[in-house]
Amino acid sequence: MGSRAVVLLSRDDDVAEERFGLAGRGPIHTRTGRSFDADLADELPLRLRAVVGQVGLFTEVDMPWLLLDAELLPWSEKASALLRI
């Protein structure tokens, strides 16, 4: 069982600033509005932005930002060092 999350993902920092008034990447919140851990909230949007850019999703849907409903699995966050061996 994981933690439900809502991730606001912008194509780049300029889009986040212009559209949402955010400095840098978008936030990650639980469905009830609580913020996720700062380390996760800093790293995950950058990784997601890179993957979404590589597969061309921003271009395919012709949008400069996405709102993702996700499930973050606690074991993958807590045991990430074990998975990278």
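Our subject is the structure that appears above.
Residues numbered from 1 in each chain as written. Predicted model: local features only at pLDDT ≥ 70, side-chain atom pairs only at ≥ 80, totals over all residues. Heavy atoms only, no water.

(A) Spatial organisation of the overall build of the chain. On a plain count of helices and strands, the chain comes out with 5 helices and 3 strands. When the helices and strands of the chain are listed from N to C terminus, the series reads β-α-β-α-α-β-α-α. The 85 residues of the chain split such that 26% are buried. Partitioning the intrachain contacts of the chain with sequence separation of at least 6 by distance along the chain shows that 59% fall at a separation of at least 24. (Helix = DSSP H or I, 4+ residues; strand = E, 2+ residues; numbered from the N terminus. Buried < 20%, exposed > 50% of the residue type's maximum accessible area, 1.4 Å probe, protein only. Contact = heavy atoms within 4.5 Å.)

(B) Molecular detail of unusual backbone geometry. The phi dihedral of Asp62 is positive, around 55 degrees, even though this residue is not glycine. Here Asp62 is to be found in the loop between helix H3 (57–60) and strand S3 (65–72).

(C) Broad picture of the pairing of strand S1 (residues 3–10). Relative to S3, S1 runs antiparallel, the two being bridged by 8 bridges. Of the residues in S3, the one forming a bridge with Ser3 is Leu72. The sheet contact formed by S1 and strand S2 (residues 28–29) spans 2 bridges and is antiparallel. Looking at the pairing, Val6 lines up with His29 of S2. (Pairing = 2+ DSSP bridges.)

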